[in-house]
Amino acid sequence: MNVLEEILNVINEVKRTGFTADSVEPDFYLGGDLGIESREMLEIWYELEQRLGVRVEDVDKRDRYTLQDVADVIAAHLAHRPVAA
């Protein structure tokens, strides 16, 4: 699974945009470059948690400014989630 592409899919649904991995860079700022507001970011985190089956604590969501920041948090949680038997 490409975490960055999944994040972009969720952003596109929440913001009704058409960002692709070819049109953005991992170091793009969520607010400044992509125009994501804080309310939208809450929706994005929620949707990512639901789709990917992870729970990200609020403290881990703070101070995430770029796409790569979010991807790193999601990837770390995916790596540590329990594997179904």
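Here, the structure is the one placed above.
Residues numbered from 1 in each chain as written. Predicted model: local features only at pLDDT ≥ 70, side-chain atom pairs only at ≥ 80, totals over all residues. Heavy atoms only, no water.

## Digging into the packing of helix α2 (residues 38–52) against helix α4 (residues 67–80)
The angle between the axes and the distance between the axes are what describe a pair of packed helices.
(1) Moving on: One way to put it is that α2 packs onto α4 with a least axis distance of 12 Å and a crossing angle of 25°. In terms of their interaxial angle, α2 and α4 are classed as roughly parallel. The crossing of α2 and α4 is right-handed. Contacts from Met-41, Trp-45, Leu-48 and Leu-52 of α2 reach α4 at Val-70, Val-73, Ile-74 and Leu-78. (Axes fitted to C-alpha atoms, helices over the stretch in contact; angles between N-to-C directions. Helix = DSSP H or I, 4+ residues; strand = E, 2+ residues; numbered from the N terminus. Parallel < 35°, antiparallel > 145°, perpendicular 65-115°, else oblique. Left-handed = near helix turned anticlockwise from the far one by under 90°. Contact = heavy atoms within 4.5 Å.)

## Comments concerning the nonpolar core
(1) Moving on: Of all hydrophobic cores here, the largest spans 25 residues; its most connected members are Leu-67 and Ile-74.
(2) Moving on: Of all the secondary-structure elements, those providing two or more residues to this core are α1 (3–15), α2 and α4.
(3) Moving on: Among the elements that line this core, the one with the most residues is α1, at seven residues.
(4) Moving on: Beyond its immediate sequence surroundings of up to four residues, Ile-74 is in contact with Val-3, Trp-45, Leu-48, Leu-52 and Val-56. (Core = buried A, V, L, I, M, F, W, Y, C linked by side-chain atoms within 4.5 Å. Buried < 20%, exposed > 50% of the residue type's maximum accessible area, 1.4 Å probe, protein only.)

## Description of unusual backbone geometry
(1) Moving on: Positive phi values are uncommon outside glycine, yet Arg-16 reaches one of about 55°.
(2) Moving on: Inspection of the secondary structure puts Arg-16 in the loop between α1 and α2.
(3) Moving on: Positive phi values are uncommon outside glycine, yet Asp-63 reaches one of about 60°.
(4) Moving on: Note on placement: Asp-63 falls in the loop between α3 (58–61) and α4.
(5) Moving on: Classification of Asp-63 as exposed rests on a relative accessible area of 55%.

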